[in-house]
Amino acid sequence: MANRAQIRTNNSALISMIADEDTIVGLLMAGVGNVDLRRKTNYLIVDSKTTVKQVEDAFKEFTTREDIAIVLISQYVANMIRFLVDSYNKPVPAILEIPSKDHPYDPTQDSVLSRVKYLFSSESVASGRR
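- By the naming in an unreviewed UniProt entry, the protein chain goes by V-type proton ATPase subunit F and is assigned to Dovyalis caffra.
- UniProt, in the comment section headed Function (unreviewed entry), describes the protein chain in these words: "Subunit of the V1 complex of vacuolar(H+)-ATPase (V-ATPase), a multisubunit enzyme composed of a peripheral complex (V1) that hydrolyzes ATP and a membrane integral complex (V0) that translocates protons. V-ATPase is responsible for acidifying and maintaining the pH of intracellular compartments."

Right, here's the structure in full:
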């Protein structure tokens, strides 16, 4: 229990986003956007000109910032950096893959869903309830 990650409670935690423009704009209109004093945002808009390196850097930045509790990433963008998403194992910030307008959700590629399936299958095998 001592190793559990703690979410800071003195300030509100943010949701960050890595997705296409339409998804980001929708979430910004819902009030999820933030720009700090250094003009750093909590989102990255991915388009045809965005490089994989830029996506990797944003993912690494968002997963190391202490003020972020959830990283929303479009599934097709997560597929660009699948090795990073699959190797990420900290509970905070939580990584959630979401669908986008042009790319439907594929549950077979969702790293969180595959981890949950693995946990339930190993629990059922360990308890003999298969």
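1. Some thoughts on the pattern of salt bridges
- As enumerated under the stated definition, the model contains 8 salt bridges in all.
- In this structure, Arg65 and Glu61 form a salt bridge, with 3.7 Å as the shortest nitrogen-oxygen distance.
- For Arg65, a relative accessible area of 14% corresponds to the buried category.
- For the salt bridge of Asp86 with Arg82, the shortest nitrogen-to-oxygen distance reads 3.6 Å. With Asp86 and Arg82 both in helix α4 (residues 82–87) and 4 residues apart, this pair spans about one turn of that helix.
- We classify Asp86 as partly exposed; its relative accessible area is 41%.
- Judged by its relative accessible area of 17%, Arg82 falls in the buried class.
- A cluster of three or more residues bridged by salt bridges with shared partners is formed by Lys40, Glu61, Arg65 and Asp67.

Rules and cut-offs
- Residues numbered from 1 in each chain as written.
- Predicted model: local features only at pLDDT ≥ 70, side-chain atom pairs only at ≥ 80, totals over all residues.
- Heavy atoms only, no water.
- UniProt positions renumbered as here; feature names shortened; annotations may be inferred.
- Salt bridge = Lys/Arg side-chain N within 4 Å of Asp/Glu carboxyl O.
- Buried < 20%, exposed > 50% of the residue type's maximum accessible area, 1.4 Å probe, protein only.
- Helix = DSSP H or I, 4+ residues; strand = E, 2+ residues; numbered from the N terminus.

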